[in-house]
Amino acid sequence: MIAHDGTLARLRAPFLLVTGGKGGVGKTTVAVNLALELARTGKRPLLVDLDLGLANVDVLMRLTTPRTLEDALSGACRFEDCVVAAPHGLFVLPASSGVADLAALDPERRARLASGLAELSARYDCVIGDSAAGIGADVLAFATQADCVLVVTTPEPAALTDAYGLIKALDELARTHGGDVPTPELLINLCDGVDQAELVGRKLRAVCERFLARSPRLAGWLPRSRAVSESVSTQRPFVLGSQRSLESHCLRSLAERVRRLFPSADASLAGLKG
Ligand SMILES: Nc1ncnc2c1ncn2[C@@H]1O[C@H](COP(=O)(O)OP(=O)(O)OP(=O)(O)O)[C@@H](O)[C@H]1O
Ligand SMILES: [Mg+2]
């Protein structure tokens, strides 16, 4: 459903969009492991593959996906029929890979997807979206639906330039949407250590403060790690392995930050339990 002002339907559970300006910086790795960590620690998340033309959430988790978002968008089934179960009680809404037609949605299909997600989200207590790289119309549209936007970058100059470009594009979008796009949070991947992550986060934040009057916070970081790259090759997310590794520790900190970004969901959950 498209509202009169052209905005897309809001989800009924807190929605975190994992995105980034540059390809290959670790967006899917972060989205998959974050969603699993939230599920492992008691949340009921839905992980949605929003990299519609070149989806690979299912590949990173070795999931069998009888139906995908493509089927729901074509009207062959309902969105809920595409959802598959993953470890720790995580649910995944997969997309298709190599479907050029889905790489850029027309406004009608984008609105149908937004409306389908809004309806489906009522069954979960948070939604994590894994987006494509860049500043395409779909990524920007999903950001207008999001309660939190997590921009993944590496310390490399090209990745940082693209991260800034994305934050700038979101800022411009916010102005045309009456301020309704959150200031992104940052995740610095492939770091040598926490010092590098904090330094890179401070530099990017300073540029955003100077030129955009926005102050994106460092939500977390991940080390460059062989265990992480192996987990991608073996299709077994690293949070399912040792909890004592540095990358698992970093992921737990990120999940704690994300929980704090979703206060209303925790409060309503506590209310239900109490
Ligand atoms: N912390 C890390 N340490 C080592 N390798 C990593 C790390 N994070 C990601 N990688 C590697 O980087 C590659 C790209 O990761 P991923 O697919 O998550 O990126 P992406 O941003 O989602 O890419 P795309 O833009 O194509 O969707 C993977 O092969 C993975 O092995
Ligand atoms: Mg990806």
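Keep in mind it's a predicted model, so treat the numbers as computed, not measured.

Novice: Could you clarify how one ought to interpret the overall build of the protein chain in this entry?
Specialist: Within the protein chain, the secondary structure is distributed over 12 helices and 8 strands. The C-alpha atoms of the protein chain give a radius of gyration of 17 Å, which matches the 19 Å a tight globule of 274 residues would have. Along the three orthogonal principal directions, the C-alpha set of the protein chain runs to about 50 × 45 × 45 Å. Counting the 274 residues in the protein chain, one finds 47% classified as buried. Sequence separation of at least 24 residues holds for 77% of the intrachain contacts in the protein chain that already meet a minimum separation of 6.

Novice: Would you mind going over the environment of Leu-52 with me for this structure?
Specialist: Tracing the backbone shows Leu-52 in the loop between strand S2 (45-50) and helix H2 (57-60). Accessibility expressed as a C-beta count within 10 Å gives 25 for Leu-52, which makes it buried. Residues Leu-52 and Thr-183 lie 131 residues apart in sequence; the distance between their C-alpha atoms is 24 Å. If we ignore the near neighbours within four places in the chain, the residues touching Leu-52 are Leu-69, Ala-95, Leu-102, Ala-103, Leu-105 and Asp-138.

Novice: Can you help me understand the site of ligand 1 in this one?
Specialist: In the neighbourhood of ligand 1, 18 residues make up the surrounding shell, with Gly-23, Gly-26, Lys-27, Thr-28 and Thr-29 lying closest. Breaking the shell around ligand 1 down by element, the ones donating at least two residues are helix H1 (27-40), strand S7 (185-191) and helix H10 (226-233). Considered class by class, the residues forming the shell around ligand 1 number 6 nonpolar, 9 polar and 3 charged.

Novice: How should the sheet that holds strand S5 (residues 126-131) be read in this particular structure?
Specialist: Pairing within the open sheet is mixed, and its 8 strands lie in the order S3-S4-S2-S5-S1-S6-S7-S8. With partners counted over all chains shown, the strands left at the sheet margins are strand S3 (84-86) and strand S8 (218-223), one partner each. Adjacent strand axes in the sheet meet at a mean angle of 25°, parallel and antiparallel pairs treated alike. For S7 and S8, the ladder comprises 4 bridges, and the chain directions are parallel. Of the residues in S8, the one forming a bridge with Leu-186 is Leu-218. Running over the sheet, helix H9 (residues 194-212) touches S7 and S8 and is turned about 140° from S7.

Novice: Honestly, the nonpolar core in this entry has me stumped. Any pointers?
Specialist: One broad rule of soluble globular proteins: the nonpolar side chains tend to lie buried together. If you look at the biggest cluster of nonpolar residues, it comprises 86 residues, and the most contacted ones within it are Leu-16, Leu-34, Ala-35, Leu-47 and Leu-150. If we skip the residues at most four places from it in the chain, Leu-16 touches Cys-126, Ile-128, Ala-146, Asp-147, Cys-148, Leu-150 and Val-258.

Novice: Before we go on, may I ask you to explain unusual backbone geometry in this structure?
Specialist: In most cases, non-glycine residues show a negative phi, while peptide bonds are predominantly trans. Located in the positive-phi region is Ala-213, a residue other than glycine, with phi close to 55°. Its 9 C-beta neighbours within 10 Å are what place Ala-213 among the exposed residues.

Cut-offs applied
Residues numbered from 1 in each chain as written. Chains lettered and ligands numbered in written order. Predicted model: local features only at pLDDT ≥ 70, side-chain atom pairs only at ≥ 80, totals over all residues. Helix = DSSP H or I, 4+ residues; strand = E, 2+ residues; numbered from the N terminus. Rg over C-alpha atoms; globule rule 2.2 N^0.38 Å. Buried ≥ 20, exposed ≤ 12 C-beta atoms within 10 Å, placed from the backbone. Contact = placed C-beta atoms within 7 Å. Near = placed C-beta within 6 Å. Nonpolar A, V, L, I, M, F, W, Y, C, P; charged D, E, K, R; others polar. Pairing = 2+ DSSP bridges. Axes fitted to C-alpha atoms, helices over the stretch in contact; angles between N-to-C directions. Core = buried A, V, L, I, M, F, W, Y, C linked by C-beta atoms within 7 Å.

Just geometry here; none of it tells us what the structure is for.
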